[in-house]
Amino acid sequence: MKRPLKIGITCYPSLGGSGVVATELGKLLAEKGHEIHFITSGMPFRLGKFQRNIFYHEVEVSDYYVFRYPPYDLSLASKMHQVARLQQLDLLHVHYAVPHAICALLAKMMSGGRLKVVTTLHGTDITVLAQDESLKDIIRLGIRSSDAVTAVSEDLIRETRELLDIREPIDLTYNFVDKRVYYPRSCSDLRADYADPHEKILMHISNFRPVKRTGDVVDIFAKVSAKVPSKLLLVGEGPDMPKIQAKIDAMGLSHRVHYMGKQDDVAQVISMADLLLLPSEKESFGLVALEAMACGVPTIGSVAGGIPELVVDGQTGFLSPIGKTEEMASNAVRLLTDAKLYAEFREACLARARSEFCNDRIMAQYERIYYRVLGIEAEVPLPVCEA
Ligand code: GMT
């Protein structure tokens with residue numbers, strides 16, 4: 001008989017896909033009866049209101065005057081150990097290898113080896129940080145000393161093996177969306193705030209870092225809007241935003257662009273869009289493309305990282321080589337000007353999101369991993385999700 005588990009979850013609590021996935025997973029596991037303890041530097045932003053079986057433990061960092069750099073990693077490791085001991089946790093599930101896998105390893109050592117550690121790799125913890133010679137060995141140690149390692153795409157598994165020479169098994173656990181939250185929302189009123197009825201809406205959502213190639217977003221939009229009356233909605237903020245604003249001004253597009261800032265209710269916002277633009281340089285998965293897909297919005301994107309595992313080229317979007325903005329723009333125009341083709345893509349999006357990336361199925365995969373590392377024999381059926 002399988003018993004409910006006590007699980008500590010650590011992630012980056014601020015805006016970002018890995019934090020979203022970790023938080024949503026914790027909420028779903030709690031609904032299923034597991035006890036979830038978030039151990040993070042701040043309240044995970046998607047945690048929302050009180051929910052049974054969910055607890056939050058804030059990591060406080062010592063600012064003792066001798067420290068030039070406050071030792072966050074040590075405080076996190078100590079907190080993990082304290083919570084694990086007090087709450088009798090079965091395991092720690094850490095999202096993003098750096099520094100979380102190493103902190104969990106320290107907590108495990110403090111527990112005398114009793115505590116199990118599951119590490120989920122999300123993207124730049126491997127594709128960027130594992131290329132940094134000063135971090136490579138410690139990331140490898142974190143991965144090798146975890147009791148189980150998961151990654152959010154086949155491509156990320158491949159890169160992890162290549163960059164770090166990891167031979168140990170890595171479980172594939174795609175990201176997911178909660179189908180009760182991500183579905184096409186009605187938004188005709190809202191749409192009218194941003195676009196005239198005859199105009200299309202193109203959207204980009206990200207943290208505006210260089211890997212997102214937001215300059216390409218503007219180039220694609222400029223080419224599309226020259227042919228199809230349209231507006232660009234930019235959601236999120238980040239270091240490249242001032243550069244992008246300057247580019248939009250210089251190209252005379254300001255009157256066609258809305259800056260939406262950070263938004264919490266992504267399903268509502270994304271439902272306003274006709275297309276999502278995701279021309280990233282690196283993207284281990286591209287959670288936002290899945291969120292769009294679940295709301296019936298096709299993606300125009302790049303063949304980068306795990307995006308092709310998610311977006312089926314020619315069915316739920318169009319993918320082009322990185323930087324090929326001309327091709328991306330003409331694919332966007334094709335979709336926006338062919339109502340029949342667009343309707344087919346929309347249907348394919350909804351079906352794929354519901355069947356392949358449904359929360360029940362992915363959560364069951366994680367549960368299987370938890371029971372496996374704990375050596376508990378448990379029947380966890382893998383639900384088949386209807387399209
Ligand atoms: O790795 C990052 O850049 C940050 C991370 C995050 O916290 O948002 O994003 C990664 O994890 C997401 C959730 O698994 C993926 O959907 C993103 O594709 C991935 N980002 C990159 O690979 C650039």
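These figures come from a predicted structure and were not determined experimentally.

Undergrad: Help me understand the state of the cysteines, please; the structure alone is not making it clear to me.
TA: Put plainly, a disulfide is one covalent bond tying together the sulfur atoms of two cysteines. Applying the stated criterion across every chain, the model contains 1 disulfide. Two residues share a disulfide in this structure: Cys 358 and Cys 385, whose sulfurs sit 1.8 Å from each other. Note that Cys 358 is positioned in the loop between helix H14 (339-356) and helix H15 (359-374) and Cys 385 in the segment after H15, a separation of 27 residues in sequence. Of the two residues examined, Cys 358 and Cys 385, each falls in the buried class. Lacking any disulfide linkage, Cys 11 is separated from the closest cysteine sulfur, that of Cys 103, by 13 Å. The buried category is assigned to Cys 11, whose relative accessible area is 1%. Cysteine Cys 187 shares no disulfide, and the gap to the nearest cysteine sulfur, in Cys 295, comes to 9.3 Å.

Undergrad: Just checking my understanding: could you explain the site of the ligand for this structure?
TA: Around the ligand sit 16 residues in total, of which Gly 17, Ser 18, His 122, Thr 124 and Glu 283 are the nearest. At 2.5 Å from an oxygen atom of the ligand is found a main-chain nitrogen or oxygen belonging to Gly 17. Backbone polar atom of Ser 284 to an oxygen atom of the ligand: 2.8 Å apart, as the coordinates give it. By residue class, the composition of the shell around the ligand is 4 nonpolar, 9 polar and 3 charged. The residues that make up the shell around the ligand include at least three from each of domain 1 (6-176 + 358-374) and domain 2 (188-356).

Undergrad: Even after reading the chapter, I still don't get the sheet that holds strand E9 (residues 230-235), so can you show me in this structure?
TA: Each strand in a sheet pairs with its neighbour through backbone hydrogen bonds, running either in the same direction (parallel) or in the opposite one (antiparallel). Taken in spatial order, the 6 strands line up as E10-E9-E8-E11-E12-E13 in an open sheet, and their pairing is parallel. Because the sheet does not close on itself, it has two edges, and the strands there are strand E10 (257-261) and strand E13 (317-320). Geometrically, the sheet is characterised by an average inter-axis angle of 20° between neighbouring strands, direction not taken into account. Taken together, the 4 bridges between strand E12 (residues 299-302) and E13 define a ladder with parallel strand orientation. Counterpart to Ser 302 in the pairing with E13 is Ser 320. Across the sheet, helix H13 (residues 325-337) lies against strand E8 (200-205), strand E11 (275-278), E12 and E13, angled at about 165° from E13, the strand it touches most.

Undergrad: Would you mind showing me how to read the pattern of salt bridges here?
TA: It is possible for side chains of opposite charge to pair when their charged atoms get near one another. Applying the stated criterion to the full structure yields 27 salt bridges. Put simply, Lys 179 and Asp 360 hold a salt bridge, and the shortest N to O gap is 2.9 Å. In this pair, Lys 179 sits in the loop between strand E7 (171-172) and helix H7 (188-194) while Asp 360 sits in helix H15, placing the two residues 181 residues apart along the sequence. Using a relative accessible area of 38% as the deciding quantity, one classes Lys 179 as partly exposed. A network of salt bridges, in which partner residues are shared, links Glu 24, Lys 27, Arg 46 and Glu 291.

Undergrad: Which parts of the structure should I look at to understand the pairing of E12?
TA: Moving residue by residue along a regular strand, the side chains alternate between the two faces of the sheet. What you see with E12 is no split at all: Thr 299 and Gly 301 on one side and Ile 300 and Ser 302 on the other are buried throughout. The parallel pair E11 and E12, bridged by helix H11 (residues 287-294), forms a crossover whose chirality is right-handed.

Undergrad: What is the right way to read the packing of aromatic side chains from this model?
TA: The description of two aromatic rings rests on the distance between their centres and on the angle between their planes. In total, this model carries 7 aromatic pairs according to the counting rule given. With centroids separated by 6.5 Å and ring planes inclined at 75°, the aromatic side chains of Tyr 64 and Phe 67 adopt a geometry described as edge-to-face. Seen in terms of ring centroids, Tyr 174 and Phe 285 are 6.0 Å apart; in terms of plane orientation they differ by 45°. Their pairing is tilted. Residue Tyr 174 is found in the loop between E7 and H7, and its partner Phe 285 is found in the loop between E11 and H11; the two are separated by 111 residues along the sequence. Across the pair, exposure class does not vary: Tyr 174 and Phe 285 are buried alike. In textbook terms, an aromatic cluster arises when at least three aromatic residues are bridged by ring pairs, as seen for Tyr 64, Tyr 65 and Phe 67. A cation over a ring is seen here: Arg 185 above Tyr 183, with NZ or CZ 5.1 Å from the ring centre.

Undergrad: What am I meant to see in helix H8 (residues 214-225) here?
TA: At 3.6 residues per turn, the α-helix brings residues three or four places apart onto the same side. An ideal rise of 1.5 Å per residue puts 16 Å on 12 residues; H8 measures up with 16 Å between its terminal C-alpha atoms. Burial analysis of H8 places 11 of its 12 residues in the buried class, the great majority of the element. Taken residue by residue, H8 has Thr 214, Gly 215, Asp 216, Val 217, Val 218, Asp 219, Ile 220, Phe 221, Ala 222, Val 224 and Ser 225 as its buried positions. The inward-facing, buried residues of H8 abut E8, E9, helix H9 (241-250), E10, E11 and H13.

Undergrad: What am I meant to see in a nonpolar patch on the surface here?
TA: Residues Tyr 64, Tyr 65, Val 66 and Phe 67 make up a contiguous nonpolar surface patch of roughly 480 Å² in combined accessible area. With respect to the helices, strands and loops of the structure, Tyr 65 is situated in the loop between strand E3 (54-58) and helix H2 (72-87). A residue is classified by how much of its surface remains accessible, and Tyr 65, at 67% relative accessible area, is exposed.

Scoring rules and cut-offs
- The numbers attached to residues start from 1 for each chain and follow its sequence in the written order.
- This being a predicted model, a pLDDT of at least 70 is required before a residue's local features are given, and a value of 80 or more before pairs of side-chain atoms are given or counted; all residues contribute to the totals for chains, interfaces and linings.
- Working from all heavy atoms in the structure, the side-chain values ignore hydrogens and water.
- In this description, a disulfide is simply a cysteine sulfur pair whose atoms lie within 2.5 Å.
- By definition, any uninterrupted DSSP run of H or I lasting at least four residues is a helix, any uninterrupted run of E lasting at least two residues is a strand, and each is numbered from the N terminus.
- In this scheme, a residue with accessible area under 20% of its type's maximum is buried, one over 50% is exposed, and one in between is partly exposed, where area comes from a 1.4 Å probe on protein chains only.
- Consider each residue's heavy atoms; a residue with any of them within 4 Å of a molecule or strand counts as near.
- What qualifies as a polar contact is a pair of N or O atoms within 3.5 Å, subject to a donor-acceptor requirement within protein and to the restriction that residues adjacent in sequence count only when both atoms come from side chains.
- Side-chain classes are defined by residue name, with Ala, Val, Leu, Ile, Met, Phe, Trp, Tyr, Cys and Pro counting as nonpolar, Asp, Glu, Lys and Arg as charged, and the others, Gly among them, as polar.
- The start and end points of each domain follow an automatic or database-based domain assignment.
- Here, any two strands with at least 2 DSSP bridges between them count as paired.
- Axis definition: a line fit to C-alpha positions, over the contact stretch in the case of helices; interaxial angles, taken between N-to-C directions, run 0 to 180 degrees.
- Residue contacts follow a heavy-atom distance rule, with two residues in contact if any of their heavy atoms lie within 4.5 Å.
- Salt bridge criterion: a side-chain nitrogen from Lys or Arg within 4 Å of a carboxyl oxygen from Asp or Glu.
- The crossover handedness rule: strands pointing away from the viewer, path from first strand over the helix to second strand clockwise, crossover right-handed.
- Whether two aromatic rings pair depends on their centres lying within 6.5 Å, for rings of Phe, Tyr and Trp, where Trp uses its six-membered ring; planes under 30 degrees apart make the pair stacked, over 60 edge-to-face, and the rest tilted.
- Note on criteria: charge over ring means Lys NZ or Arg CZ within 6 Å of the ring centre, with the direction from the centre no more than 35 degrees off the ring normal.
- Multiplying one less than the number of residues by 1.5 Å gives the expected span of a helix.
- Patch membership requires over 30% relative accessible area and the absence of a salt bridge. Like charges are linked within 9 Å, and nonpolar side chains (Val, Leu, Ile, Met, Phe, Trp, Tyr) within 5 Å.
- The protein chains shown are the only cover counted for residues, whose accessible areas, like all others here, come from Shrake-Rupley with a 1.4 Å probe.

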